[in-house]
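Here's the letter readout for the chains.
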Amino acid sequence: QTVVTQEPSLTVSPGGTVTLTCASSTGAVTSDYYPNWFQQKPGQAPRALIYSTNNKHSWTPARFSGSLLGGKAALTLSGVQPEDEADYYCLLYYGGALPVVFGGGTKLTVL
Amino acid sequence: QVQLVQSGAEVKKPGASVKVSCKASGYTFTTYALHWVRQAPGQRLEWMGWIKADNGSTKYSQKFQDRVTITRDTSANTAYMELNSLKSEDTAFYYCARSDFSYWGQGTLVTVSS
């Protein structure tokens, strides 16, 4: 069974920088997995932030960036704002019988 | 603007079925597939399946393969997800999302309780 793993929780100070990662049980994450990142606040649907590793949507704030880091997909927030406190989910595309797998999510606290 | 608007909350008894709709607007419906994703309380997002809006072909997660049916009505720009043999563990928010995951519905809470 394919498992996608994220840090369960991270804490960052306002104005700081934090990197969230997304690992695959099948091995190194590459651009062929088309990593996506989503933000979800309580009571809301997920909101797309990043697609295909490092591409931003038109509504994605400039402080969010995506990359590949040490065999994982990564989401970096630079100059964190209080409103960035949320759950963040990654998604990887695998194809085959289970084309799409979400990570377990990272709860980001801004403190 | 692109919108995906889902049907309202449902309360069902164990063993029953539920059918959730997702009406698309702001783009050509048949250009994109639609995914269905669920999220149980406090749990991760879980992909259930998708439907290609142009030809109606589907693919389901093996976990739900025996209980889920995804359909679409191109005349109504609407996709549907029906889940059968409901159990209490199926209590969750159910979301539709466009194939590129750029746009999501607002979610539909399905509660399964006797």
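Since this is a predicted model, take the numbers as computed values, not measurements.

Engineer: How do you make sense of the sheet that holds strand β3 (residues 17-24) of chain A when you look at a structure like this?
Structural biologist: The pairing of strands in a sheet comes from backbone hydrogen bonds and takes either a parallel or an antiparallel form. Residue and element names in this part refer to chain A. Reading across the sheet, the four strands line up as β1-β3-β8-β7 and stay open at both edges, with antiparallel pairing between neighbours. This sheet does not close on itself; its edge strands, each paired only once, are β1 (4-6) and β7 (64-69). Adjacent strand axes in the sheet meet at a mean angle of 20 degrees when their direction is disregarded. Where β7 lies against strand β8 (residues 72-78), six bridges are found, and the strand directions are antiparallel. What sits directly across from serine 67, in β8, is alanine 74.

Engineer: Help me understand the interface of chain A and chain B in this model?
Structural biologist: Size of an interface: often given as the accessible area lost when the parts come together. On the chain B side, the residues contacting the 21 residues of chain A number 21 residues. Across the interface of chain A and chain B, roughly 1500 Å² is buried in total on both sides, 65% from carbon and sulfur atoms. Taken together, the links from chain A to chain B amount to six residue pairs in polar contact (both at pLDDT 80 or more). Mapped by element, the contributors of at least two residues to the side of chain A that touches chain B are β4 (36-40), β9 (86-93) and β10 (100-102) of chain A. Looking at side-chain class alone, the side of chain A that touches chain B contains 14 nonpolar, seven polar and no charged residues.

Engineer: Help me understand the layout of surface pockets, please; the structure alone is not making it clear to me.
Structural biologist: A probe matching the size of a water molecule, rolled over the atoms, marks out where space remains unfilled. Of the voids in this model, the largest pocket is the one considered here, and its volume is about 460 Å³. As for the largest pocket, its lining consists of 20 residues, of which Gln1 and Leu98 of chain A together with Arg44, Glu46 and Lys63 of chain B are closest to the centre. Only β10 of chain A together with β4 (33-39) and β5 (46-52) of chain B provide two or more residues apiece to the lining of the largest pocket. By residue number, the principal contributor to the lining of the largest pocket is β10 of chain A, which donates three residues. Tallied by class, residues from the lining of the largest pocket come to nine nonpolar, six polar and five charged. Each pocket or cavity is described by its volume, and for the second largest pocket that value is around 350 Å³. In terms of lining, the second largest pocket is formed by 23 residues, of which the most central are Gln40, Pro42, Gly43 and Asp87 of chain A together with Gln39 of chain B.

Cut-offs applied
Residues numbered from 1 in each chain as written. Chains lettered and ligands numbered in written order. Predicted model: local features only at pLDDT ≥ 70, side-chain atom pairs only at ≥ 80, totals over all residues. Heavy atoms only, no water. Pairing = 2+ DSSP bridges. Helix = DSSP H or I, 4+ residues; strand = E, 2+ residues; numbered from the N terminus. Axes fitted to C-alpha atoms, helices over the stretch in contact; angles between N-to-C directions. Contact = heavy atoms within 4.5 Å. Buried area = accessible area lost by both parts, 1.4 Å probe. Polar contact = N/O pair within 3.5 Å; in protein donor to acceptor, adjacent residues only side chain to side chain. Nonpolar A, V, L, I, M, F, W, Y, C, P; charged D, E, K, R; others polar. 1 Å grid on protein atoms, 1.4 Å probe; cavity = no way out; pocket = protein on both sides within 12 Å on 5 of 7 lines; lining within 4 Å. Points joined across faces, edges and corners; volume = space filled by probe spheres on them.

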